[in-house]
Amino acid sequence: MKKVLIFAAITCLSISAHAENYLIENVRIFNGVDARLLPGHVLVEDGIISKVSGNPIEAPQGTIILDGDNRVLTPGFIDLHVHLNAHVPSGQDDAHATVVGAVAADVARHFLDSGFTTIRDAGGTHPHFARAIELGTIYGPRVFPSGAVLSQTAGHGDSRHADQGHPGLQGGNPYSVADTHVIVDGIDQHLMAVRENLRFGATQIKIMGGGGVMSDYDPIYSLQPTPAEIRATVQAASDFGTYVLAHAYTSEAVRRLVDNGVKCIEHGLLIDDATAKYLKEKNIVISTQLVVFRELRNLPGITQTNLDKLDVVLKGQENLIGLIKKYDITTGFSTDLIGGMYPLLTREFTERALYWTPAEVLMQATSESAKIIRMSGRLNRHGNFGEIREGWVADILLINGNPLEDISVLRDPGNNLALIMKGGEIVKNRL
Ligand SMILES: [Zn+2]
(Lines give C-alpha, C1' and ligand atoms only; values in the text may rest on other atoms or scores of the structure.)
Protein backbone atom coordinates (compact mmCIF):
# COMPACT_ATOMS: atom_id res chain seq x y z
CA MET A 1 0.00 0.00 0.00
CA LYS A 2 2.76 2.38 0.96
CA LYS A 3 4.52 1.69 -2.33
CA VAL A 4 1.37 2.53 -4.33
CA LEU A 5 1.02 5.87 -2.54
CA ILE A 6 4.63 6.81 -3.18
CA PHE A 7 4.27 5.92 -6.85
CA ALA A 8 1.15 8.08 -7.12
CA ALA A 9 2.96 11.03 -5.57
CA ILE A 10 5.85 10.70 -8.00
CA THR A 11 3.50 10.54 -10.97
CA CYS A 12 1.64 13.71 -9.89
CA LEU A 13 4.85 15.64 -9.42
CA SER A 14 6.30 14.66 -12.76
CA ILE A 15 3.10 15.62 -14.56
CA SER A 16 2.79 18.98 -12.80
CA ALA A 17 6.48 19.66 -13.48
CA HIS A 18 5.77 20.28 -17.15
CA ALA A 19 2.02 20.57 -17.43
CA GLU A 20 2.31 23.71 -19.56
CA ASN A 21 3.28 23.78 -23.22
CA TYR A 22 5.29 26.70 -24.56
CA LEU A 23 6.00 28.29 -27.92
CA ILE A 24 9.18 30.37 -27.81
CA GLU A 25 9.08 32.74 -30.75
CA ASN A 26 11.67 34.97 -32.44
CA VAL A 27 14.94 33.59 -31.18
CA ARG A 28 18.40 32.94 -32.61
CA ILE A 29 19.12 29.28 -31.95
CA PHE A 30 22.48 27.77 -30.96
CA ASN A 31 21.63 24.07 -31.26
CA GLY A 32 24.62 22.78 -29.28
CA VAL A 33 26.36 21.31 -32.35
CA ASP A 34 26.76 23.99 -35.03
CA ALA A 35 28.92 27.07 -34.55
CA ARG A 36 26.23 29.50 -35.72
CA LEU A 37 22.90 31.02 -34.80
CA LEU A 38 19.75 30.16 -36.76
CA PRO A 39 16.71 32.45 -36.51
CA GLY A 40 13.64 30.46 -35.58
CA HIS A 41 11.00 29.29 -33.15
CA VAL A 42 10.80 26.39 -30.67
CA LEU A 43 7.72 24.52 -29.48
CA VAL A 44 7.86 22.64 -26.16
CA GLU A 45 5.19 20.06 -25.37
CA ASP A 46 5.13 17.74 -22.34
CA GLY A 47 8.67 18.68 -21.42
CA ILE A 48 10.02 17.79 -24.86
CA ILE A 49 11.18 19.97 -27.76
CA SER A 50 8.46 18.99 -30.23
CA LYS A 51 9.25 21.38 -33.08
CA VAL A 52 12.12 23.60 -34.17
CA SER A 53 11.53 25.72 -37.24
CA GLY A 54 12.80 28.73 -39.15
CA ASN A 55 9.19 29.42 -40.13
CA PRO A 56 6.46 30.56 -37.72
CA ILE A 57 4.91 27.67 -35.77
CA GLU A 58 1.18 27.59 -35.16
CA ALA A 59 0.62 27.23 -31.43
CA PRO A 60 -1.67 24.36 -30.43
CA GLN A 61 -4.56 25.46 -28.23
CA GLY A 62 -3.62 26.29 -24.64
CA THR A 63 0.06 26.84 -25.48
CA ILE A 64 1.74 29.70 -23.64
CA ILE A 65 3.52 31.98 -26.11
CA LEU A 66 6.83 33.57 -25.11
CA ASP A 67 8.39 36.29 -27.24
CA GLY A 68 12.14 35.68 -27.33
CA ASP A 69 12.69 39.14 -28.81
CA ASN A 70 15.66 38.00 -30.93
CA ARG A 71 17.57 36.64 -27.90
CA VAL A 72 20.00 33.74 -28.22
CA LEU A 73 18.46 30.38 -27.29
CA THR A 74 20.82 27.58 -26.20
CA PRO A 75 20.54 24.16 -24.56
CA GLY A 76 20.91 24.21 -20.76
CA PHE A 77 24.52 23.84 -19.63
CA ILE A 78 26.14 20.70 -18.21
CA ASP A 79 29.02 20.36 -15.72
CA LEU A 80 30.71 16.95 -15.68
CA HIS A 81 32.68 17.28 -12.46
CA VAL A 82 30.75 18.64 -9.50
CA HIS A 83 30.95 17.80 -5.79
CA LEU A 84 27.77 19.20 -4.29
CA ASN A 85 28.78 17.72 -0.94
CA ALA A 86 32.26 19.23 -0.82
CA HIS A 87 31.44 22.87 -0.06
CA VAL A 88 31.42 22.99 3.71
CA PRO A 89 34.27 25.46 4.41
CA SER A 90 37.58 23.95 5.51
CA GLY A 91 37.99 23.77 9.26
CA GLN A 92 34.49 22.30 9.46
CA ASP A 93 35.50 18.95 8.00
CA ASP A 94 33.63 17.05 10.67
CA ALA A 95 30.34 18.84 10.00
CA HIS A 96 27.28 16.71 10.54
CA ALA A 97 25.71 15.20 7.41
CA THR A 98 22.72 17.54 7.77
CA VAL A 99 25.04 20.56 7.45
CA VAL A 100 26.79 19.01 4.44
CA GLY A 101 23.39 18.43 2.83
CA ALA A 102 22.08 21.93 3.58
CA VAL A 103 25.16 23.50 1.99
CA ALA A 104 24.81 21.12 -0.98
CA ALA A 105 21.27 22.42 -1.51
CA ASP A 106 22.63 26.00 -1.73
CA VAL A 107 25.23 24.86 -4.24
CA ALA A 108 22.58 23.05 -6.31
CA ARG A 109 20.52 26.27 -6.42
CA HIS A 110 23.55 28.23 -7.62
CA PHE A 111 24.16 25.77 -10.47
CA LEU A 112 20.61 25.86 -11.79
CA ASP A 113 20.37 29.65 -11.45
CA SER A 114 23.61 29.87 -13.47
CA GLY A 115 22.00 27.96 -16.35
CA PHE A 116 23.27 24.47 -15.51
CA THR A 117 20.31 22.16 -15.99
CA THR A 118 22.37 18.95 -15.60
CA ILE A 119 25.43 18.03 -13.57
CA ARG A 120 27.41 14.85 -13.13
CA ASP A 121 28.39 14.57 -9.50
CA ALA A 122 31.92 13.19 -9.60
CA GLY A 123 31.55 11.56 -6.24
CA GLY A 124 30.33 12.30 -2.75
CA THR A 125 26.72 13.30 -3.23
CA HIS A 126 24.32 10.56 -2.21
CA PRO A 127 22.10 9.36 -5.08
CA HIS A 128 19.07 10.04 -2.86
CA PHE A 129 19.95 13.77 -3.05
CA ALA A 130 19.66 13.50 -6.85
CA ARG A 131 16.30 11.82 -6.45
CA ALA A 132 15.08 14.53 -4.06
CA ILE A 133 15.80 17.09 -6.80
CA GLU A 134 13.94 14.93 -9.30
CA LEU A 135 10.92 14.82 -6.98
CA GLY A 136 10.97 18.60 -6.52
CA THR A 137 11.92 18.42 -2.82
CA ILE A 138 15.19 20.27 -3.48
CA TYR A 139 15.67 23.00 -6.12
CA GLY A 140 18.55 22.26 -8.47
CA PRO A 141 19.81 20.76 -11.71
CA ARG A 142 19.26 17.17 -12.80
CA VAL A 143 22.05 15.19 -11.10
CA PHE A 144 23.85 12.09 -12.39
CA PRO A 145 25.32 10.85 -9.10
CA SER A 146 28.39 8.66 -8.70
CA GLY A 147 27.64 7.91 -5.05
CA ALA A 148 30.53 7.50 -2.62
CA VAL A 149 33.98 7.73 -4.26
CA LEU A 150 35.98 4.51 -4.03
CA SER A 151 39.46 5.06 -2.62
CA GLN A 152 42.03 2.61 -1.42
CA THR A 153 43.60 2.98 2.03
CA ALA A 154 46.14 5.82 1.77
CA GLY A 155 44.50 6.85 -1.51
CA HIS A 156 43.27 10.28 -2.61
CA GLY A 157 39.90 9.75 -0.94
CA ASP A 158 41.22 8.44 2.38
CA SER A 159 40.53 11.67 4.25
CA ARG A 160 41.25 10.48 7.79
CA HIS A 161 43.18 12.72 10.16
CA ALA A 162 46.84 11.87 10.68
CA ASP A 163 46.30 9.91 13.90
CA GLN A 164 42.95 8.35 13.03
CA GLY A 165 42.89 4.54 12.87
CA HIS A 166 41.48 2.58 9.94
CA PRO A 167 37.73 2.10 10.43
CA GLY A 168 37.81 -1.28 8.69
CA LEU A 169 40.56 -2.57 10.95
CA GLN A 170 38.55 -1.45 13.97
CA GLY A 171 35.30 -3.02 12.81
CA GLY A 172 33.84 0.39 11.95
CA ASN A 173 32.09 1.95 8.99
CA PRO A 174 34.48 2.55 6.04
CA TYR A 175 32.25 5.40 4.74
CA SER A 176 33.20 9.01 5.51
CA VAL A 177 30.90 11.70 6.94
CA ALA A 178 27.83 12.02 4.71
CA ASP A 179 28.96 8.93 2.76
CA THR A 180 31.19 10.98 0.46
CA HIS A 181 34.01 8.41 0.27
CA VAL A 182 34.42 4.75 1.02
CA ILE A 183 37.78 3.15 1.78
CA VAL A 184 38.14 -0.14 -0.08
CA ASP A 185 40.98 -2.62 -0.45
CA GLY A 186 40.86 -5.87 -2.37
CA ILE A 187 38.57 -7.13 -5.09
CA ASP A 188 35.67 -8.06 -2.81
CA GLN A 189 35.46 -4.63 -1.20
CA HIS A 190 35.58 -2.91 -4.59
CA LEU A 191 32.76 -5.09 -5.87
CA MET A 192 30.70 -4.46 -2.74
CA ALA A 193 31.16 -0.68 -2.82
CA VAL A 194 30.25 -0.41 -6.52
CA ARG A 195 27.14 -2.52 -6.02
CA GLU A 196 26.15 -0.53 -2.92
CA ASN A 197 26.44 2.71 -4.92
CA LEU A 198 24.39 1.22 -7.77
CA ARG A 199 21.73 0.01 -5.35
CA PHE A 200 21.32 3.57 -4.00
CA GLY A 201 20.96 4.89 -7.56
CA ALA A 202 24.43 5.84 -8.80
CA THR A 203 24.44 6.28 -12.59
CA GLN A 204 28.23 5.82 -12.95
CA ILE A 205 31.10 4.97 -10.60
CA LYS A 206 34.03 7.14 -9.54
CA ILE A 207 37.37 5.84 -8.30
CA MET A 208 40.53 7.54 -7.14
CA GLY A 209 43.01 6.23 -9.68
CA GLY A 210 46.23 7.89 -8.52
CA GLY A 211 47.70 10.54 -6.23
CA GLY A 212 45.79 13.77 -5.62
CA VAL A 213 46.46 17.37 -4.61
CA MET A 214 44.09 17.83 -1.67
CA SER A 215 45.18 14.74 0.27
CA ASP A 216 48.21 14.47 2.51
CA TYR A 217 49.46 10.88 2.35
CA ASP A 218 49.45 9.87 -1.33
CA PRO A 219 52.22 11.22 -3.58
CA ILE A 220 51.05 12.46 -7.00
CA TYR A 221 53.06 9.68 -8.66
CA SER A 222 51.38 6.92 -6.60
CA LEU A 223 49.36 4.33 -8.49
CA GLN A 224 45.93 3.50 -7.05
CA PRO A 225 44.45 0.81 -6.97
CA THR A 226 45.84 -2.45 -8.44
CA PRO A 227 44.93 -3.60 -11.98
CA ALA A 228 42.81 -6.42 -10.55
CA GLU A 229 40.90 -3.99 -8.30
CA ILE A 230 40.29 -1.63 -11.25
CA ARG A 231 39.05 -4.54 -13.39
CA ALA A 232 36.68 -5.64 -10.61
CA THR A 233 35.30 -2.09 -10.31
CA VAL A 234 34.78 -1.83 -14.07
CA GLN A 235 33.20 -5.28 -14.20
CA ALA A 236 30.65 -4.47 -11.47
CA ALA A 237 29.79 -1.16 -13.18
CA SER A 238 29.53 -2.60 -16.67
CA ASP A 239 27.33 -5.44 -15.39
CA PHE A 240 24.80 -2.66 -14.73
CA GLY A 241 25.46 -1.14 -18.16
CA THR A 242 27.49 1.82 -16.99
CA TYR A 243 31.09 3.08 -16.82
CA VAL A 244 33.84 4.16 -14.45
CA LEU A 245 35.42 7.60 -14.26
CA ALA A 246 38.75 7.92 -12.51
CA HIS A 247 40.79 10.67 -10.90
CA ALA A 248 44.38 10.57 -12.25
CA TYR A 249 47.21 12.87 -13.33
CA THR A 250 50.17 10.89 -14.65
CA SER A 251 50.64 8.89 -17.86
CA GLU A 252 51.40 5.77 -15.84
CA ALA A 253 48.22 6.03 -13.76
CA VAL A 254 46.09 6.89 -16.78
CA ARG A 255 47.41 3.95 -18.82
CA ARG A 256 46.81 1.50 -15.99
CA LEU A 257 43.22 2.75 -15.63
CA VAL A 258 42.47 2.67 -19.35
CA ASP A 259 44.13 -0.70 -19.89
CA ASN A 260 41.81 -2.10 -17.25
CA GLY A 261 38.58 -0.69 -18.62
CA VAL A 262 38.14 2.88 -17.34
CA LYS A 263 36.41 5.05 -19.97
CA CYS A 264 36.69 8.55 -18.53
CA ILE A 265 39.78 10.18 -17.00
CA GLU A 266 39.37 13.14 -14.66
CA HIS A 267 42.09 15.87 -14.63
CA GLY A 268 44.97 14.15 -16.53
CA LEU A 269 47.24 17.20 -16.24
CA LEU A 270 50.55 15.34 -16.41
CA ILE A 271 50.01 13.00 -19.37
CA ASP A 272 52.53 12.96 -22.20
CA ASP A 273 52.01 13.14 -25.95
CA ALA A 274 52.10 9.36 -26.50
CA THR A 275 49.47 8.80 -23.81
CA ALA A 276 47.21 11.49 -25.29
CA LYS A 277 47.48 9.78 -28.68
CA TYR A 278 46.69 6.44 -27.06
CA LEU A 279 43.58 7.91 -25.38
CA LYS A 280 42.34 9.24 -28.71
CA GLU A 281 42.84 5.85 -30.37
CA LYS A 282 40.88 4.16 -27.59
CA ASN A 283 38.14 6.80 -27.63
CA ILE A 284 38.70 7.73 -23.97
CA VAL A 285 37.37 10.98 -22.48
CA ILE A 286 39.58 13.42 -20.56
CA SER A 287 37.40 15.64 -18.44
CA THR A 288 39.69 18.39 -17.17
CA GLN A 289 39.15 21.69 -15.37
CA LEU A 290 40.86 25.07 -15.67
CA VAL A 291 39.75 27.49 -12.96
CA VAL A 292 39.99 25.24 -9.91
CA PHE A 293 43.68 24.51 -10.39
CA ARG A 294 44.39 28.23 -10.87
CA GLU A 295 42.50 29.25 -7.73
CA LEU A 296 43.08 26.37 -5.33
CA ARG A 297 46.06 28.02 -3.61
CA ASN A 298 43.66 30.64 -2.23
CA LEU A 299 41.54 28.03 -0.48
CA PRO A 300 41.61 28.71 3.28
CA GLY A 301 43.29 25.91 5.19
CA ILE A 302 45.22 24.43 2.23
CA THR A 303 48.36 22.68 3.58
CA GLN A 304 51.94 23.08 2.38
CA THR A 305 51.81 19.45 1.18
CA ASN A 306 48.76 20.30 -0.93
CA LEU A 307 50.45 23.44 -2.30
CA ASP A 308 53.59 21.51 -3.27
CA LYS A 309 51.47 18.94 -5.12
CA LEU A 310 49.43 21.70 -6.77
CA ASP A 311 52.64 23.21 -8.16
CA VAL A 312 53.52 19.86 -9.74
CA VAL A 313 50.20 19.30 -11.54
CA LEU A 314 49.58 22.93 -12.52
CA LYS A 315 52.77 22.91 -14.57
CA GLY A 316 51.13 20.36 -16.89
CA GLN A 317 47.87 22.20 -17.49
CA GLU A 318 48.69 24.17 -20.64
CA ASN A 319 50.46 21.15 -22.13
CA LEU A 320 47.35 19.04 -21.56
CA ILE A 321 45.10 21.63 -23.19
CA GLY A 322 47.44 21.56 -26.20
CA LEU A 323 47.25 17.75 -26.36
CA ILE A 324 43.44 17.74 -26.14
CA LYS A 325 43.36 20.16 -29.08
CA LYS A 326 46.10 18.36 -31.03
CA TYR A 327 44.38 14.96 -30.89
CA ASP A 328 40.82 16.30 -30.72
CA ILE A 329 40.10 14.32 -27.54
CA THR A 330 36.55 14.45 -26.18
CA THR A 331 36.61 16.60 -23.07
CA GLY A 332 33.27 18.27 -22.30
CA PHE A 333 32.96 20.97 -19.63
CA SER A 334 33.77 20.50 -15.97
CA THR A 335 34.79 22.56 -12.93
CA ASP A 336 35.54 20.39 -9.83
CA LEU A 337 35.09 23.39 -7.51
CA ILE A 338 35.28 22.55 -3.80
CA GLY A 339 35.46 24.15 -0.36
CA GLY A 340 32.94 26.91 -1.09
CA MET A 341 34.53 27.96 -4.42
CA TYR A 342 31.31 27.37 -6.37
CA PRO A 343 30.69 31.10 -7.08
CA LEU A 344 33.62 30.75 -9.55
CA LEU A 345 31.49 28.40 -11.68
CA THR A 346 30.83 30.68 -14.65
CA ARG A 347 34.47 31.85 -14.83
CA GLU A 348 35.20 28.45 -16.39
CA PHE A 349 33.52 29.78 -19.58
CA THR A 350 35.88 32.73 -20.00
CA GLU A 351 38.93 30.76 -18.86
CA ARG A 352 38.28 28.14 -21.57
CA ALA A 353 37.73 30.88 -24.14
CA LEU A 354 41.45 31.70 -23.76
CA TYR A 355 42.13 28.41 -25.62
CA TRP A 356 38.95 27.54 -27.52
CA THR A 357 36.48 29.65 -29.51
CA PRO A 358 33.29 30.66 -27.67
CA ALA A 359 31.31 28.29 -29.93
CA GLU A 360 33.64 25.40 -29.01
CA VAL A 361 33.27 26.18 -25.31
CA LEU A 362 29.48 26.25 -25.68
CA MET A 363 29.57 22.89 -27.49
CA GLN A 364 31.70 21.47 -24.65
CA ALA A 365 29.13 22.70 -22.12
CA THR A 366 26.16 21.29 -24.04
CA SER A 367 26.27 18.52 -26.68
CA GLU A 368 29.76 17.20 -25.85
CA SER A 369 29.13 16.88 -22.11
CA ALA A 370 25.74 15.31 -22.83
CA LYS A 371 27.42 12.65 -24.97
CA ILE A 372 29.72 11.79 -22.06
CA ILE A 373 26.82 11.64 -19.59
CA ARG A 374 24.98 9.25 -21.89
CA MET A 375 27.78 6.73 -21.32
CA SER A 376 25.70 5.69 -18.30
CA GLY A 377 23.51 3.86 -20.83
CA ARG A 378 20.29 2.45 -19.50
CA LEU A 379 20.92 3.95 -16.06
CA ASN A 380 20.10 7.32 -17.69
CA ARG A 381 16.42 7.74 -16.81
CA HIS A 382 16.21 11.22 -18.29
CA GLY A 383 16.30 10.72 -22.07
CA ASN A 384 18.38 12.80 -24.49
CA PHE A 385 19.33 16.37 -23.67
CA GLY A 386 22.13 18.84 -24.46
CA GLU A 387 20.96 19.84 -27.95
CA ILE A 388 18.07 21.84 -29.38
CA ARG A 389 16.60 19.00 -31.34
CA GLU A 390 13.08 17.69 -31.93
CA GLY A 391 12.22 14.87 -29.55
CA TRP A 392 14.89 15.87 -27.01
CA VAL A 393 14.35 17.09 -23.46
CA ALA A 394 13.50 20.80 -23.24
CA ASP A 395 16.48 22.17 -21.29
CA ILE A 396 16.55 25.71 -22.68
CA LEU A 397 18.17 29.07 -21.89
CA LEU A 398 17.39 32.49 -23.34
CA ILE A 399 20.38 34.80 -23.11
CA ASN A 400 20.71 38.59 -23.21
CA GLY A 401 23.71 39.29 -25.45
CA ASN A 402 25.48 36.93 -27.83
CA PRO A 403 27.76 34.39 -26.08
CA LEU A 404 29.18 33.26 -29.46
CA GLU A 405 30.69 36.73 -29.80
CA ASP A 406 31.27 37.53 -26.14
CA ILE A 407 31.12 34.53 -23.83
CA SER A 408 31.60 36.77 -20.78
CA VAL A 409 27.85 37.48 -20.81
CA LEU A 410 27.55 34.09 -19.08
CA ARG A 411 29.55 35.41 -16.12
CA ASP A 412 26.47 37.36 -15.01
CA PRO A 413 23.58 34.88 -15.14
CA GLY A 414 21.47 37.03 -12.78
CA ASN A 415 21.19 39.75 -15.41
CA ASN A 416 21.87 37.86 -18.64
CA LEU A 417 19.82 34.69 -18.35
CA ALA A 418 16.34 35.84 -19.26
CA LEU A 419 14.81 32.37 -19.16
CA ILE A 420 15.85 29.04 -17.64
CA MET A 421 13.79 25.99 -18.57
CA LYS A 422 14.64 22.54 -17.19
CA GLY A 423 12.79 19.56 -18.63
CA GLY A 424 10.06 21.84 -19.99
CA GLU A 425 9.52 23.54 -16.65
CA ILE A 426 10.33 27.26 -16.39
CA VAL A 427 12.44 27.87 -13.31
CA LYS A 428 13.27 31.49 -14.16
CA ASN A 429 11.46 33.96 -16.41
CA ARG A 430 12.65 37.55 -16.83
CA LEU A 431 11.28 38.02 -20.35
ZN1 LIG B 1 36.80 16.08 -8.05
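The rules we used
- Every chain is numbered independently, its residues counted from 1 as its sequence is written.
- Per-residue local features of the predicted model are confined to residues with pLDDT of at least 70, and side-chain atom pairs are confined, for both listing and counting, to 80 or more; whole-chain, interface and lining totals are unaffected and use all residues.
- Comment: elements are numbered from the N terminus, with helices defined as DSSP H or I runs of at least four residues and strands as E runs of at least two.
- C-alpha atoms define the radius of gyration in this analysis, and the globule rule sets the expected value at 2.2 Å times the number of residues to the power 0.38.
- In this scheme the burial state of a residue depends on its C-beta neighbours within 10 Å: 20 or more other such atoms mean buried, 12 or fewer mean exposed, and anything in between means partly exposed; the C-beta positions come from the backbone.
- Think of it this way: build a C-beta for each residue from its backbone, and any pair within 7 Å is a contact.
- Pairing between strands requires that DSSP locate at least two bridges from one strand to the other.
- To obtain each axis, a line is fitted to C-alpha atoms, and for helices this fit is confined to the stretch in contact; angles are then taken between N-to-C directions over 0 to 180 degrees.
- Domain delimitation in this document rests on an assignment produced automatically or drawn from a domain database.
- Three classes are used, and their members are as follows: Ala, Val, Leu, Ile, Met, Phe, Trp, Tyr, Cys and Pro are nonpolar, Asp, Glu, Lys and Arg are charged, and the others, Gly among them, are polar.
- Taking the helix axis as origin, the arc is that swept by the directions to the C-beta atoms.

**Describing the overall build of the protein**
Consideration 1: Scanning the protein for helices and strands turns up 13 helices and 16 strands.
Consideration 2: For a compact globule of 431 residues, the expected C-alpha radius of gyration is about 22 Å, and the protein comes in at 21 Å, within 12% of that figure.
Consideration 3: Its C-alpha atoms give the protein principal-axis dimensions of roughly 65 × 60 × 40 Å.
Consideration 4: Expressed as a percentage of the 431 residues in the protein, the buried residues total 51%.
Consideration 5: Considering only contacts in the protein between residues 6 or more positions apart, those separated by 24 or more positions represent 71%.

**Overview of the sheet that holds strand β2 (residues 38–45)**
Consideration 1: Taken in spatial order, the seven strands of this open sheet run β3-β2-β1-β4-β14-β15-β16, and their pairing is mixed. Two strands close off the open sheet at either side, each with one partner strand: β3 (48–53) and β16 (425–429). Recorded for the sheet is a direction-independent mean angle of 35° between the axes of neighbouring strands.

**Description of the domain arrangement of the protein**
Consideration 1: When its domains are assigned, the protein resolves into domain 1 (2–75 + 386–429) and domain 2 (77–352).
Consideration 2: On a C-alpha basis, the centroid separation for the pair domain 1 and domain 2 is 30 Å.
Consideration 3: Facing the 16 residues of domain 1 at the interface are 14 residues of domain 2.
Consideration 4: Across the side of domain 1 that touches domain 2, the residue classes tally to ten nonpolar, two polar and four charged.

**Concerning the environment of N173**
Consideration 1: As for its placement among the helices and strands, N173 is situated in the loop between β8 (149–151) and β9 (181–183).
Consideration 2: Placed 134 residues apart in sequence, N173 and L307 show a C-alpha to C-alpha distance of 30 Å.

**Notes on the environment of V291**
Consideration 1: Relative to the elements of secondary structure, V291 occurs in helix α8 (residues 291–295).
Consideration 2: Accessibility expressed as a C-beta count within 10 Å gives 20 for V291, which makes it buried.
Consideration 3: The spatial distance from the C-alpha of V291 to the C-alpha of S334 is 9.7 Å, given a sequence separation of 43 residues.

**A few points about helix α7 (residues 273–281)**
Consideration 1: Inspection of α7 places T275, A276 and L279 among the buried residues, and these make up the whole buried set. Across the axial projection of α7, the buried residues extend over an arc of 100°, all falling on one side. Away from its buried face by more than 90 degrees, α7 exposes A274 and E281.
Consideration 2: Note on α7: the residue one or two positions beyond its end, N283, has a positive phi of about 60°.

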